[in-house]
Amino acid sequence: LGPFKGQWGFQSVNGVTQAIGEEATLPRTEIANYGVFAVETLETDPLTYDFGFRIEPQSVTPEASSGYVARSFLPVSGSVSGLWKVDSANNLSLAFTESQRGPQAQELYVNGVHHATRAFEIGNPDLGMETSFNLELGYTFKQDWMNAELNLFNNWVNDYIYAQYTGE
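Criteria and cut-off values
- Residues numbered from 1 in each chain as written.
- Predicted model: local features only at pLDDT ≥ 70, side-chain atom pairs only at ≥ 80, totals over all residues.
- Heavy atoms only, no water.
- Salt bridge = Lys/Arg side-chain N within 4 Å of Asp/Glu carboxyl O.
- Buried < 20%, exposed > 50% of the residue type's maximum accessible area, 1.4 Å probe, protein only.
- Helix = DSSP H or I, 4+ residues; strand = E, 2+ residues; numbered from the N terminus.
- Contact = heavy atoms within 4.5 Å.
- Phe/Tyr/Trp six-rings, centres within 6.5 Å; stacked < 30°, edge-to-face > 60°.

Undergrad: Can you explain the pattern of salt bridges? Please cite residues and give values.
TA: Applying the stated criterion to the full structure yields 4 salt bridges. For Arg54, the salt bridge is made with Glu56, and the minimal N-O distance between the two is 3.2 Å. Residue Arg54 is classed as partly exposed on the basis of its relative accessible area, which comes to 22%. The salt bridge partner of Arg101 is Glu107, with a shortest N-O separation of 2.9 Å. Residue classification places Glu107 among the partly exposed positions, given a relative accessible area of 25%. The network of salt bridges with common partners includes Arg101, Glu107 and Glu130.

Okay, here's the thing in structure tokens:
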């Protein structure tokens with residue numbers, strides 16, 4: 001698109017998940033995810049800029065007899081970065097990303113004994129989206145006799161989704 005070079009795309013993940021038999025800890029659940037994304041680069045010597053975004057409507061619909069309600073999420077993610085070619089041997093970079101994800105069916109609706117982990121797992125049907133932020137500063141040195149790279153980064157996450165042991 002104009003001075004930008006990159007790719008646009010669409011991704012779809014649709015299906016049904018369920019646990020059956022003795023280990024039936026998850027109700028039959030329909031899953032639908034549709035992702036639209038783009039990654040674009042703009043080169044202006046000595047700077048290169050990269051931009052990206054993704055929007056991914058998600059629905060998780062358990063069977064009605066399970067007693068759970070369907071959930072829908074709209075994760076939106078984006079990134080921006082810059083690379084400065086200081087000279088033929090030295091580069092500096094800076095990147096910022098924000099990424100969201102909706103909880104999976106297992107994180108929402110699991111309820112029962114998980115034999116492999118020897119735990120009784122209980123999902124949380126009220127979970128919201130997880131959001132992560134990432135900041136990275138980089139330096140690269142390239143010569144015939146040596147290549148070196150140093151990256152400093154900080155990641156932080158809001159509403160992190162994980163399996164928490166309660167001791168019960």
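Undergrad: How would you sum up the environment of Pro75? Please name residues and give values.
TA: Its location among the elements puts Pro75 in the loop between strand E5 (71-73) and strand E6 (76-85). Residue classification places Pro75 among the buried residues on the basis of a relative accessible area of 3%. Separated by 21 residues in the primary sequence, Pro75 and Arg54 place their C-alpha atoms 8.1 Å from one another. Setting aside residues up to four positions removed in sequence, Pro75 forms contacts with Arg54, Ile55, Glu56, Gln58, Gln100, Arg101, Gly102 and Met129.

Undergrad: Requested: an account of the packing of aromatic side chains, with residues and values cited.
TA: Enumeration according to the criterion identifies 8 aromatic pairs in this entry. Plain terms: the ring middles of Phe10 and Tyr34 are 6.4 Å apart, the flat faces sit at 20° to each other, and that makes the pair stacked. Residue Phe10 is found in strand E1 (residues 4-17), and its partner Tyr34 is found in strand E2 (residues 29-44); the two are separated by 24 residues along the sequence. Chaining the aromatic ring pairs together yields one cluster made of Phe96, Phe133 and Trp156.

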